[in-house]
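Single-letter residue listing:
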Amino acid sequence: MARGRAGALLSAALALALAQRCAAFYLPGVAPQDYEHGDVVGLKVNKLSSTKTQLPYEYYSLPYCQPETIVNSAENLGEVLRGDRIENSLYQVSIGQDEQCKLLCKLTLNDKSAGEFEAKVKDDYRVNMILDNLPVAMVKMREDNGKPIKTYERGFPVGFMASSGQKGDKAQAYLHNHVRLTILIHKDIETEMSRIVGFEVEPFSAAHKQGKSGALSTCDPEKMVYVSHEGEPQLVASGKEVIFTYDVLFRLSDIKWASRWDTYLLMTDDQIHWFSIINSLMIVLFLSGMVAMIMLRTLHRDISKYNQLETVEEAQEETGWKLVHGDVFRPPAAPGMLSVLCGCGVQLTGMGVVTVLFAVLGFLSPANRGGLMTAMLLLFVFMGLFAGYTSARLFKQFKGTEWKTNTLKTAFLLPGAVFAIFVCMNTLIWGQKSSGAVPFGTLFALLFLWFGISVPLVFVGSYFGFKAPAAEDPVRTKMIPRLIPEQAWYMHPAFSILIGGVLPFGAVFIELFFILTSIWLHQFFYAFGFIMIVGMILVLTCAEIAIVLCYFQLCAEDYNWWWRSFLTSGSSALYMFCYSAFYFYTKLDMSRTTSTALYFSYMFIVSALFFVVTGTIGFLSCYAFVRRIYGALKVD
C-alpha cells in the first residue's frame, strides 16, 4: 500500500511538471511572413462581439467605411460555427511607415445609422481586426508582485456611454472614430526583413473638424477622448458628420515571431490553477487510499475466508457482497439505453482525450482560428467506430439480440438531441440577423459528417462488437432473483447518487470557471496542460468514487449496481449545470431573452455531455471491479 501511494505521488509530481511545461506550449502556426520596408499589409476586419448579448454581427452591419468590393476570407468549419466573418477593409498599413491621422472616410449619420451605432454602443460591442493573423488587442497593465505586466484585452469598444455630468442628464452614446494602431515588429539584423509580432490598438473619440485645406485641426491626442470628458468627443446623433481616421505607429520589439502569442495567452492567475490541481490531488489520494484498503485488506480477507469454507451451511452464514454472487450479473433494467449511453460516452471521451493531447503538443495553435472546434467535430465523427463497438459489446453482454436497433440508437440518440437543440438555437440567432447563425451550407456539411461518416462508422464498430463472443461472467446468475433487504437511509439510491457527484465536480470546478470565462467573456485561454492534468484527476475521481460506493452497495446486499454506478459519477453534471446558473447570475450581464436562452441551452448540452462521459467512466470502472472481485470467488 505504501508503495502504491509512493507511485501515486511520483505520478502526480510528473504530471505537475508536465502541466507546467505544457500550459502555454503551442506551435505558432504557419510559416512566418517576412516583410521589407514599405510592403503593404492588408488589415482585415472580423465580427463585432459582445459579452452582453453573445450575438456576433458582421463588421459592415454597421455603417463603417467600406471598400468598393467586400472580399470574404475563406473560413474553416470552426470559424463559421463561432460566427467569425473575416473581410477586407480600407485600412492600409505599410511596413515601417508611420501614419498620423490618416483619413479613412466621412459619413453623415441619419436616423437609421445613428440608431444602429447607439444600439451597439449600449450593448458593449467590440470591434475585432486581424493583421498578419494576429488579432487586435488593447493593452492592459497589471501588477504581479509589484512588477507591471502587460496583458491584452481582445478588440476595442465601438464607443462608450457618458453624460454631461449635470443632474438629470441622460447618458448619450459616443463613437470611437479614431484608432491608433501600434504594430510591433521584430527586425532581422542580417537580412533587414521584418516580422509582425504584435498588434495593439488605442481607440479615441474625436469630433473632427476639417478646414478648407482638408486638414483635420482636431487630430491631436490632447483633443481626443476615450471614456473621459476632456475635449469634444464624437456624439452619435442623427445629422452629425463623422470622420473616421487612424494612426499607424511601428515599434521595434525583442519578441521573436515564435513567441508573439505569449502576451495574448499570458496567465496572471496560474497560482489558482496550481491550487486547484493540488486540491484535486488530495481528493484522489484520499479515494485511492480507500480503494487500496478495500482491495488489499477487506476484499482479500473476505475472499480468502469465503474460499476456505467447506460446507454450504457455513457459506450461508456469510453476509455482505459475497451473498449476491448469483444476482450481481443479472442484466439491468433498460439494458439497451445503458449500452447506448456507454457507447456515446466512449466516443466523447476519445474525442476529448485526443483533442487535449493534440492541443498540449501544440498542434491546435491559437493562430489557427476555429481549429479547436473543427478538430473536435472531426474526432467525434471518427470516434463513432468505438461508440458502435462498445455499445454492441455491452448489449450482447446483456443478452440483447436486436443489434441493428441498438446501433441506430447509438448513432442517432445523443447526436440527434444535440443537433435538434442546436437547430432551434440557430433559428433564434437567425431571427436576430446575427453572423452567429450557421448558414445552410454549413448545416449541410454537418449533416454529411453525421450521416455520411459517423453513422456508417458506428455500424462498422457495432458489427465487429456484436460479432465478437460475449465475455463469460465469472459467476453464474440464478434463475430466481434474490430479495434485496431493506436499506439504510444513507444507502438510498437518490442520496448516494447525489453524494457521489460532489467529488468529481469538486475536482474540476475551478478549471470550469476559467473555461466559462474564456467562452462567455471572450478571453484568451490556452492552458491545455492544466486541462489535461485536471482531466486525468477527473477520470481517477469518477472511477474511485463509483467503485467505493458500489462496494458499499454490494455489502448491503443490493445487486442493482449497473445504473447506480453510471449515475453516481454522472450526477456531477447536475452540479455543473447548477454552477453554470450561478455563474450566469453573478458574472454575466446578458440583456436579451435570446442571449439567456442561448446560454442555458448550450450549458445544458455541455452538462448532458459531461453526464454521459463521467457516467461511462464510473460504470466501466465498476464493471471491471465487480468482475475482478467475483472472479476471485470459488463458487460451485
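Look a little higher up for the structure.
Note that the coordinates shown come from a computational prediction; the quantities given were computed from them, not determined experimentally.

Participant: Hey, could you go over the overall build of the protein for me, with residue numbers and the actual values?
Facilitator: Secondary structure summary: the protein contains 16 helices and 15 strands in total. Put simply, the protein has 636 residues, and 50% of those count as buried. Excluding contacts between residues fewer than 6 apart, the proportion of contacts in the protein whose partners are at least 24 apart in sequence is 80%.

Participant: An account of the pattern of salt bridges is needed here, citing residue identities and associated values.
Facilitator: What the rule picks out here adds up to 15 salt bridges. Salt-bridge contacts for Arg82 lead to Asp84; the nearest nitrogen and oxygen are separated by 2.6 Å. Look at Arg82 and you get partly exposed, because its relative accessible area is 34%. Taking the relative accessible area as the measure of exposure, Asp84 reaches 0% and is therefore buried. In this structure, Glu153 and Lys140 form a salt bridge, with 3.9 Å as the shortest nitrogen-oxygen distance. Here Glu153, found in strand 8 (residues 147–154), pairs with Lys140, found in strand 7 (residues 137–144); they are 13 residues apart in sequence, far enough to count as distant. Three or more residues are tied together by salt bridges with common partners; here these are Lys47, Arg82 and Asp84.

Participant: Mind laying out the packing of aromatic side chains, listing which residues take part and the relevant values?
Facilitator: Each aromatic ring pair is specified by the distance between its two centres and by the angle formed by the two planes. Counted by the stated rule, this structure contains 45 aromatic pairs. Measuring from centroid to centroid gives 6.2 Å for Trp403 and Phe466, while their planes differ by 25°, and the two rings are stacked. With Trp403 in helix 9 (residues 403–431) and Phe466 in helix 10 (residues 440–467), the pair connects residues that are 63 residues apart, well separated along the chain. Judged by its relative accessible area of 17%, Phe466 is buried. Between Trp450 and Phe451 the ring centres are 4.8 Å apart and the planes differ by 40°, which places this aromatic pair in the tilted class. Judged by its relative accessible area of 12%, Trp450 falls in the buried class. Its relative accessible area of 43% is what places Phe451 among the partly exposed residues. In textbook terms, an aromatic cluster arises when at least three aromatic residues are bridged by ring pairs, as seen for Trp520, Phe577, Phe584, Tyr585, Tyr599, Phe600 and Phe604. Here the basic side chain of Lys120 rests over the ring of Tyr57, its NZ or CZ set 4.4 Å away from the ring centre. The ring of Phe466 is capped by Lys396, whose NZ or CZ atom sits 5.5 Å from the centre of that ring.

What counts as what
The residue numbers shown here count from 1 along each chain, following its written sequence. With pLDDT at 70 or above as the cut-off, local features in this predicted model cover only qualifying residues; side-chain atom pairs require 80 or more to be listed or tallied, and sums for whole chains, interfaces and linings still use all residues. With hydrogens and water set aside, each side-chain value is computed from the structure's full complement of heavy atoms. Numbered from the N terminus, helices here are DSSP runs of H or I no shorter than four residues, and strands are runs of E no shorter than two. Between buried and exposed lies partly exposed: a residue is buried under 20% and exposed over 50% of the maximum accessible area for its type, with that area taken using a 1.4 Å probe on protein chains only. What makes two residues a contact is simply this: any of their non-hydrogen atoms within 4.5 Å. Salt-bridge detection follows one rule: a side-chain nitrogen of Lys or Arg within 4 Å of a carboxyl oxygen of Asp or Glu. What counts as a ring pair is set by centres within 6.5 Å for rings of Phe, Tyr and Trp (its six-membered ring), and what kind of pair is set by the plane angle: stacked under 30 degrees, edge-to-face over 60, tilted for all other angles. For a Lys NZ or an Arg CZ to count as sitting over a ring, it must be within 6 Å of the ring centre and within 35 degrees of the ring normal.

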